[in-house]
Amino acid sequence: MPVRVLSEGTVPGAHVPTHLTRIPITLISTSTDYANKTVEGKVVRKGPLVSLAADNFILKAVIQEEDSQPNTSSQHPSINVVLMGALANDFNVAVNQGVSRLPPPPDPRSLPAVKRSSPLSAEASRTTKAPKYTYVRLGDLKAGSVVNVYGVVVFFKQPFKSRGTDFCSSLKITDQSNQKIGCTIFCEKLEDHPKIFQIGDIVRMHRVKTQFFNDSITLVNTFGFSVVTFDGVAGSAMDPRTSSRSFHLDQEDRQTVEELRSWAASQTILPPVPSSPLSAVQPKAYFDLTCQLLAKAPIDTTCTLLKVWDGTRCPHTLLKVIVEPNAIEGPTSFSTEIENLIANVLVYDNHVEFARQLKPGDFLRIYNLRAIPGSSKVPGLTSSQSEEVDHLAFHLHGGTAYGRGIRVLPENSPDVLELKRVIEALPEDGELNDSAMLEIWSTPPESLDGETVDCITERSCGHDIQSVTLSELKQCDPGRVHHVRVQLRSYEPRRLHQALKLYCSKCTSIQDVPDDELVASLFSEASKDPGPCSPPPWAFSGWVDIPGDSPGSSKRALSVHLSTQLMSEGKTKELIFLMGSTLEETCRLTSGYQNIVPVRASGGHMALLDLSAPFLFRGRKRYYGCRQCSEAAAREPCAEGVELIDEKIIAEALGVQLLQFVLLMKLELQDGTDTLEAFLWRDAESFFRVSAEDVAANQEAQNSIRQTMDSLCPAGGSTGECPWLDLCLTVYRAEDDGGQNQTCYQICHTTITKTPSTQSDPAPA
């Protein structure tokens, strides 16, 4: 493209093609299309011509508009122009400082960058022909030159605030020359830094300067710097990451990226990426976590809490962090199933400022996150946050060592797409299935689908909603949470031991707890002599004497089998396999052995009892397995390195899907306007402040529930004697076996804070 110079006194518009229109510099903005537009002015400053490579140049100039219109101010408007390629060379030859000039429209071969004007949209940049860039291998770099390079990232730090106005990021790259070159980038805007997500990514940098530092070549960004980043996985999509709207990517660039991908995949120079899902996290480990932010809250000026998940469950007990609901950005509570998948990440010091910019729903990669076992006390919280021992805590310490930091990932990132796939594959909250609930109450259960609820009886719910009457509630649409003030009119079952159920989290089935008569008959049937039984090779066989029912009665010897591994460790009392005993005899032995697995002889081999009976006795507690989901067999539990053998370890070894004790009740509520039936099961344990497992084995826990229900709904008492309750209810639609939709209600996130003894205030009208 030729450069046209206007001599002094030349008529304005000379040499200007007829299809071009001149506009004043003062009208230039970033939101206007400048195709076929031109400006006229004097070159008041011309910088030196910088050679980037052979036949590739860059030059900066300042053009000032002369007063040619009567209403212009005394101040001369000007623009900064960056010229590249052949245009820069032609300009340098033809134009001197102080000469009026007329720049023609953008050259198809060279794209001038204008500070006050960005005439080229991203779409236009793809249709124009960019200059040909020359790239230098890292092994051929010489100090003192400005070059363009490609490289595979072997180390990087996220941008951090420097002592000046810029952000600084650092990385180390390599290529087929096997040279590792350090790079330091200073840019005022975060978006101008390399968008590196993980080691192995590929970067293309234009206009970086080579220099010696600590006896080695390093790269620093210089005037006109730009960078594009690509995923380094071979075969992945060629999606460039850059903030530039005018970058160029041709077939040669794609070929270069693919060659680097293939080369990197065949090398062992790349350090292993320490990424890990929550399900594989080990105590004391440093790791990178790809996750989604669900909520966040400031702890103090030096610490921020991030509540994140990745769709997997950490096998370790995690630190719980209690914060005020009004301090949380995002949902204040989650369903039990989601809560079990959430990890609390404590972010410290320089990362706090970046964490403030994060929004719930963002997909993140947290680098160099540390899993700290043992005692962890959260800083800056009140005494309501107790010190938790033997909990795993996740800390992102201050500083940038080892690449420590946080990066927001785009939703089209392959890692984010995989994370979404894992999350979407999660079951819908593991609720009881419809047929099981219908069998008991003829009303289907709810599926909250992660609906956020948060309410306690003292009206400190996190939802800013007004209480409604029951008649108003019946007119509300499903899928929402409501507050009501009600009395308990009646409840089922009246025999509270029948409220105790067994629930399978895998198939979501529910069943009654077998009564002692049924269990005793199963033990009696299994205790009949079936003939000889060969013990498994891992077992040591012996006999145990069972005391008689009364003084002077004869003892009975029963066959027992012990794990040889446990015996070698001196743990003879921790686990026995008991054969031929009655239910009563098994219960007597629980005081002397920590775990008893009742077994029977089947086909000359040892086998478990029918899973309608408990497969394990631990003291007063009995544990059941799901007949549908279990693949039960008598096997030796692996206790190596295990200090305490519990029901989960034994169930896993025996191939038994452990059933969970739950409480299930139906409450009839009333106020001055109507009555309504609601389920209480999912949050029944928090409602009564006792665990269902304790209720199954502990008379004191059973009495606690009975006393609470007697206080809420006195037997034979009048309605006026029933206390008022503030409840949080969720409304949902479900289909029964006949295909008919019903509106159902469930009590959620409500706790009885004390046993009521006096009548509360009247209910709302």
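Before reading further, recall that the structure is shown in the block above.
A. Up close: the nonpolar core. Among the nonpolar cores identified, the biggest contains 60 residues, and Leu473, Leu667, Leu669, Phe688 and Met709 are the most heavily contacted of them. Beyond its immediate chain neighbours, meaning those up to four positions away, Leu473 contacts Val468, His482, Val484, Leu676, Leu729, Val731 and Tyr745. Counting residues in hydrophobic clusters, the runner-up holds 33 residues, among them Leu138, Met205, Phe225 and Phe363.

B. Seen up close, the pattern of salt bridges. Under the definition given, this model contains 20 salt bridges. The salt bridge partner of Glu668 is Arg489, with a shortest N-O separation of 3.6 Å. A residue pair is termed long-range when its members are at least 10 positions apart, and Glu668 in strand E33 (residues 665-670) and Arg489 in strand E22 (residues 481-492) qualify at 179 residues. Residue classification places Arg489 among the partly exposed positions, given a relative accessible area of 45%. Here Asp694 ties to Lys621 by a salt bridge, and the two come within 3.7 Å at their closest N and O atoms. In this pair, Asp694 is assigned in helix H14 (residues 692-697) and Lys621 in strand E31 (residues 621-623), connecting sequence segments 73 residues apart. Judged by its relative accessible area of 32%, Asp694 is partly exposed. Each of Lys296, Glu329 and Lys359 takes part in a single network of salt bridges with overlapping partners.

C. The arrangement of the side chain of Asn148 in detail. Mapped onto the elements, Asn148 comes out in strand E10 (residues 146-161). Of the residues examined, Asn148 reaches a relative accessible area of 2% and is grouped as buried. Within the structure, Asn148 has its side chain in polar contact with the backbone nitrogen of Arg207 (distance 3.0 Å).

D. Broad picture of the packing of aromatic side chains. In the structure shown here, the tally under the stated rule is 8 aromatic pairs. Note on Tyr135 and Tyr150: the rings are 4.9 Å apart at their centroids and 50° apart in plane angle, and the pair reads as tilted. Residue Tyr135 is located in the loop between helix H2 (122-127) and E10, and its partner Tyr150 is located in strand E10; the two are separated by 15 residues in the primary sequence. Overall, the relative accessible area of 6% leaves Tyr150 in the buried class. Consider the rings of Phe523 and Phe617, whose centres lie 5.9 Å apart with planes at 80°: the pair is edge-to-face. Of this pair, Phe523 sits in helix H9 (residues 516-527) while Phe617 sits in strand E30 (residues 616-618), placing them 94 residues apart in sequence. Among the residues examined, Phe523 registers a relative accessible area of 1% and is labelled buried. Under the relative-accessibility criterion, Phe617 is labelled buried at 1%. When the ring centre of Phe167 is taken as origin, the NZ or CZ atom of Lys161, which lies over that ring, is 4.6 Å away. Here the guanidinium or amino end of Arg494 rests over the ring plane of Tyr491, the centre of that ring lying 4.1 Å away.

E. Just the sheet that holds strand E32 (residues 660-663), in detail. Taken together, 3 strands build an open sheet; the order of strands is E24-E23-E32 and the sheet is antiparallel. Two strands in the sheet have a free side with no partner beyond their single neighbour: strand E24 (510-512) and E32. Mean inter-strand twist for the sheet, computed between neighbouring axes without regard to direction, equals 40°. With 4 bridges joining them, strand E23 (residues 500-503) and E32 adopt antiparallel strand pairing.

F. A look at the pairing of E10. For E10 and strand E13 (residues 202-213), the ladder comprises 6 bridges, and the chain directions are antiparallel. Within E13, the residue paired with Val152 across the bridge is Ile202. Across 7 bridges, E10 lies against strand E11 (residues 167-174) in antiparallel orientation. Following the sheet pairing, Phe156 is matched in E11 by Leu171. Joining the antiparallel neighbours E10 and E11 is a turn of 5 residues.

G. Structural view of the sheet that holds E13. Pairing within the closed barrel is mixed, and its 5 strands lie in the order E10-E11-E12-E14-E13. Strand-to-strand twist across the sheet, computed as the mean angle between neighbouring axes with direction ignored, equals 50°. Helix H3 (residues 251-265) contacts E10, E11, E13 and strand E14 (216-230) of the sheet and is inclined by roughly 65° relative to E10.

H. Broad picture of H9. The end-to-end C-alpha separation of H9 is 16 Å, in line with the 16 Å expected for 12 residues at 1.5 Å each. By the burial criterion, the buried members of H9 are Val519, Phe523 and Ala526. Taken down its axis, H9 places every buried residue within 65° of arc, on the same side. Away from the buried face of H9 by more than 90 degrees, exposed residues Glu517 and Glu525 are located. Buried positions along H9 lie against helix H11 (583-589), strand E28 (596-602) and E30.

I. Expanded view of the environment of Gly144. Considering the arrangement of structural elements, one finds Gly144 in the loop between H2 and E10. Separated by 67 residues in sequence, Gly144 and Gln211 have C-alpha atoms that sit 5.6 Å apart.

Rules used in this analysis
Residues numbered from 1 in each chain as written. Predicted model: local features only at pLDDT ≥ 70, side-chain atom pairs only at ≥ 80, totals over all residues. Heavy atoms only, no water. Core = buried A, V, L, I, M, F, W, Y, C linked by side-chain atoms within 4.5 Å. Buried < 20%, exposed > 50% of the residue type's maximum accessible area, 1.4 Å probe, protein only. Contact = heavy atoms within 4.5 Å. Salt bridge = Lys/Arg side-chain N within 4 Å of Asp/Glu carboxyl O. Helix = DSSP H or I, 4+ residues; strand = E, 2+ residues; numbered from the N terminus. Polar contact = N/O pair within 3.5 Å; in protein donor to acceptor, adjacent residues only side chain to side chain. Phe/Tyr/Trp six-rings, centres within 6.5 Å; stacked < 30°, edge-to-face > 60°. Lys NZ or Arg CZ within 6 Å of the ring centre and 35° of its normal. Pairing = 2+ DSSP bridges. Axes fitted to C-alpha atoms, helices over the stretch in contact; angles between N-to-C directions. Expected span 1.5 Å × (residues − 1). Arc of directions from axis to C-beta.

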